[in-house]
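Spelled out, the chains give:
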Amino acid sequence: MHKKFRLTPAHYKIMLVLKELNAINRYATPKGVNNILKGEDDIETIQYKNFASYMTLISFPSRKFSSYINNLVRRGYLSYIHDKKTDCLFLYLTSKGEIALDEYLIKHKDELTKKKNRTRKAEIVML
């Protein structure tokens, strides 16, 4: 017997990134979405630092992230769009995904947009 699929806060965070990107006519690969959620400070993602979803999912394993993307695509919340120039597939939020996200945001907006702090252990210290 299969478990019923249930959207988790991580699924909604992925959809939120894509909603914010799609609103400004931008599309991302799964790696690009992951970089925004982790708050990577590279030249490509730093421009999205003002997104509510930026740096809200900093410790999520890549393999698990990939399975979340695949589940969202398989169930119709996300879809791929092909860019002929780069010959790459980019994600976008479907209308089904947007409806689900908007319903969730009514009750849980603060939970989805809470920034995480990166705590890094010092590698070199003076004793």
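Residues numbered from 1 in each chain as written. Predicted model: local features only at pLDDT ≥ 70, side-chain atom pairs only at ≥ 80, totals over all residues. Heavy atoms only, no water.

Draft legend 1. Region of the structure containing the nonpolar core. One finds Ile14, Met15, Leu18, Leu21, Val33, Leu78 and Leu101 to be the most contacted residues of the largest nonpolar core, which totals 31 residues. At the level of elements, α1 (9-23), α2 (30-38), α3 (62-74), β2 (88-93) and α4 (95-113) are the ones that each hand at least two residues to this core. Setting aside residues no more than four positions away along its own chain, Val33 makes contact with Ile14, Val17, Leu18, Ala28, Phe65 and Leu91. (Core = buried A, V, L, I, M, F, W, Y, C linked by side-chain atoms within 4.5 Å. Buried < 20%, exposed > 50% of the residue type's maximum accessible area, 1.4 Å probe, protein only. Helix = DSSP H or I, 4+ residues; strand = E, 2+ residues; numbered from the N terminus. Contact = heavy atoms within 4.5 Å.)

Draft legend 2. Spotlight on unusual backbone geometry. Here the phi dihedral of Asn25 falls at roughly 60°; this positive angle occurs in a residue that is not glycine. Relative to the helices and strands, Asn25 resides in the loop between α1 and α2. A relative accessible area of 55% means that Asn25 is categorised as exposed. For Met55, which is not glycine, the phi dihedral falls at a positive 60°. Note on placement: Met55 falls in the loop between α2 and α3.

Draft legend 3. Here's a closer look at the side chain of Glu20. Position of Glu20 among the secondary structure elements: in helix α1. On the basis of relative accessibility, which here comes to 17%, the residue Glu20 falls in the buried class. Separated by 2.8 Å, the side chain of Glu20 and the backbone nitrogen of Ala52 make a polar contact. Within the structure, the side chain of Glu20 is placed 2.4 Å from the side chain of Ser53, a separation counted as a polar contact. When neighbours within four sequence positions are excluded, Glu20 is seen to be in contact with Phe51, Ala52 and Ser53. (Polar contact = N/O pair within 3.5 Å; in protein donor to acceptor, adjacent residues only side chain to side chain.)

Draft legend 4. Molecular detail of the packing of α1 against α4. Two elements in contact, α1 and α4, have axes whose closest approach is 10 Å; the angle formed by their N-to-C orientations is 110°. Our classification of the angle between α1 and α4 gives roughly perpendicular. The segment α1 lies against α4, with Pro9, Tyr12, Lys13, Met15, Leu16 and Lys19 engaging Gly97, Glu98, Ala100, Leu101, Asp102, Tyr104, Leu105, Glu111, Leu112 and Thr113. Classifying every residue of the contact of α1 with α4 by side-chain character gives 9 nonpolar, 2 polar and 5 charged. (Axes fitted to C-alpha atoms, helices over the stretch in contact; angles between N-to-C directions. Parallel < 35°, antiparallel > 145°, perpendicular 65-115°, else oblique. Nonpolar A, V, L, I, M, F, W, Y, C, P; charged D, E, K, R; others polar.)

Draft legend 5. Region of the structure containing the packing of aromatic side chains. Taken as a whole and assessed by the stated rule, the structure comprises 3 aromatic pairs. Summarising the aromatic geometry, the rings of Tyr12 and Tyr104 are spaced 3.7 Å apart at their centres and angled 5° between planes, so their arrangement reads as stacked. Of the two residues, Tyr12 is situated in helix α1 and Tyr104 in helix α4; the sequence distance between them amounts to 92 residues. The burial state of Tyr12 is the same as that of Tyr104; both residues are buried. An angle of 80° between the planes, with centres 5.1 Å apart, marks the rings of Phe60 and Tyr68 as edge-to-face. For the pair formed by Phe60 and Tyr68, the shared burial category is buried. Above the plane of the ring of Phe5 lies Arg75, whose end atom (NZ or CZ) is 4.0 Å from the centre. If you follow Lys96 out to its NZ or CZ, it ends over the ring of Tyr77, 4.7 Å from the centre. (Phe/Tyr/Trp six-rings, centres within 6.5 Å; stacked < 30°, edge-to-face > 60°. Lys NZ or Arg CZ within 6 Å of the ring centre and 35° of its normal.)

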